[in-house]
Amino acid sequence: MSFEWPWQYNFPPFFTLQPNADTRQKQLAAWCSLALSYCRHHKLYTLDVMEAQESPMFNNKKIERKLSIEAIQIVFEELRKKGNLEWLDKNKSRCLVMWRRPEEWGKLIYQWVSKNGMLNSVFTLYELSNGDDTQDEEFHGLEEWMLLRSLQALQTDGRAEIITMDDGKGVKFF
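Residues numbered from 1 in each chain as written. Predicted model: local features only at pLDDT ≥ 70, side-chain atom pairs only at ≥ 80, totals over all residues. Heavy atoms only, no water.

An unreviewed UniProt entry annotates the protein as Vacuolar protein-sorting-associated protein 25 of Oryzias melastigma. Recorded in UniProt under Subcellular location (unreviewed entry), the annotation for the protein is "Cytoplasm". Under the UniProt heading Sequence similarities (unreviewed entry), the note attached to the protein is "Belongs to the VPS25 family." (UniProt positions renumbered as here; feature names shortened; annotations may be inferred.)

So, in structure tokens, the structure goes:
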């Protein structure tokens, strides 16, 4: 299934931050929505700002427009304020993108465990994110940092316990 671009994506002024405050807020909201949708569609969890500028997300080759690095950082800062992004460095050049929050991932994982009658079972992190049993699940392929945060959210709720095993980490669901 191909990614569906919003109508603004083919509108050249969309790629220049607008000076009017109201227009700019709507524009930033549209960029935030586009960035999260794009990352979700392509299962992207970590972004480099320079690489992102060259990706189709911020670079529409058809109309020969791309968002500036400064504008991308403003969009990413908006996402950070909403809890959908975390910077990995002080220079704000790399970030973690959370198109679904850890609590939401935790809920999906717990629903899968419950639905399959696997409560009180122990799983390795690899089994959850890359195992054959989870292949058709939305959380399949989830990067380890996000998987751990999701499981930590479940642990806080008393629905799971992260355990250390010989070959890494595992989790038991309650």
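From this point, things continue past the structure.
Can you lay out the nonpolar core for me, pointing to particular residues and giving the numbers?
Core analysis: the biggest nonpolar cluster contains 55 residues, and Phe58, Phe76, Leu128, Leu151 and Phe173 have the highest contact counts within it. By residue number, the principal contributor to this core is helix 1 (residues 21–41), which donates nine residues. Here this core spans two domains, since at least three of its residues come from each of domain 1 (7–97) and domain 2 (102–173). Each residue touching Leu151, except ones within four places of it in the same chain, is listed here: Leu125, Leu128, Ile162, Val171 and Phe173. (Core = buried A, V, L, I, M, F, W, Y, C linked by side-chain atoms within 4.5 Å. Buried < 20%, exposed > 50% of the residue type's maximum accessible area, 1.4 Å probe, protein only. Helix = DSSP H or I, 4+ residues; strand = E, 2+ residues; numbered from the N terminus. Domains from an automatic or database assignment. Contact = heavy atoms within 4.5 Å.)

Outline the environment of Glu51, supporting the account with residue identities and numerical values.
Mapped onto the fold, Glu51 is located in helix 2 (residues 49–54). Residue class for Glu51 comes out exposed when judged on its relative accessible area of 57%. Along the backbone, Glu51 and Met146 are 95 residues apart, and their C-alpha atoms lie at a distance of 21 Å.

Which residues make up the domain arrangement of the protein, and what are the values?
Many authors give the size of an interface as the accessible area that is lost as the parts come together. Structurally, the protein comprises domain 1 (7–97) and domain 2 (102–173). The C-alpha centroid of domain 2 is placed 30 Å from the C-alpha centroid of domain 1. The interface of domain 1 with domain 2 comprises seven residues on the first partner and nine residues on the second. Buried area between domain 1 and domain 2, summed over both chains or domains, comes out near 640 Å², and the portion from carbon and sulfur atoms is 46%. For domain 1, the biggest contributors to the area lost against domain 2 are Lys43, Tyr45 and Leu96; these three give 69% of the whole. Summed over the shared surface of domain 1 and domain 2, the number is two salt bridges. A salt bridge links Glu138 to Arg40, with the shortest nitrogen-to-oxygen separation between them at 3.0 Å. Applying the counting rule to domain 1 against domain 2 returns five residue pairs in polar contact (both at pLDDT 80 or more). The residue inventory of the side of domain 1 that touches domain 2, partitioned by class, reads three nonpolar, one polar and three charged. (Buried area = accessible area lost by both parts, 1.4 Å probe. Salt bridge = Lys/Arg side-chain N within 4 Å of Asp/Glu carboxyl O. Polar contact = N/O pair within 3.5 Å; in protein donor to acceptor, adjacent residues only side chain to side chain. Nonpolar A, V, L, I, M, F, W, Y, C, P; charged D, E, K, R; others polar.)

Before we move on, can you summarise the sheet that holds strand 8 (residues 168–173) with the specific residues and values?
With respect to topology, three strands assemble into an open sheet ordered 6-8-7, the strand pairing being antiparallel. Unpaired on one side and paired on the other, strand 6 (122–124) and strand 7 (160–165) mark the two borders of the sheet. The mean inter-strand angle of the sheet, taken between neighbouring strand axes irrespective of direction, is 30°. Bridge analysis of strand 6 against strand 8 gives three bridges, and the strand direction is antiparallel. When the bridges of strand 8 are listed, Phe123 appears paired with Val171. Relative to the sheet, helix 6 (residues 144–156) contacts strand 7 and strand 8, its axis offset from that of strand 7 by approximately 125°. (Pairing = 2+ DSSP bridges. Axes fitted to C-alpha atoms, helices over the stretch in contact; angles between N-to-C directions.)

Requested: an account of the packing of aromatic side chains, with residues and values cited.
A complete count under the given rule lists 18 aromatic pairs for this structure. Measuring from ring centre to ring centre gives 4.2 Å for Phe14 and Trp31, while their planes differ by 5°; the resulting arrangement is stacked. Of this pair, Phe14 sits in the segment before helix 1 while Trp31 sits in helix 1, and the two are 17 residues apart along the sequence. For Phe14, a relative accessible area of 4% translates into the label buried. You can call Trp31 buried: its relative accessible area is 0%. Ring plane angle 55° and centroid distance 6.0 Å describe the contact between Phe76 and Trp87, whose orientation is recorded as tilted. Of this pair, Phe76 sits in helix 3 (residues 69–81) while Trp87 sits in strand 4 (residues 85–87), placing them 11 residues apart in sequence. The class for Trp87 is buried, based on a relative accessible area of 17%. These aromatic residues form a ring-pair network of at least three members: Phe3, Trp5, Tyr9, Phe14, Phe15, Trp31, Tyr38, Phe58, Phe76 and Trp87. (Phe/Tyr/Trp six-rings, centres within 6.5 Å; stacked < 30°, edge-to-face > 60°.)

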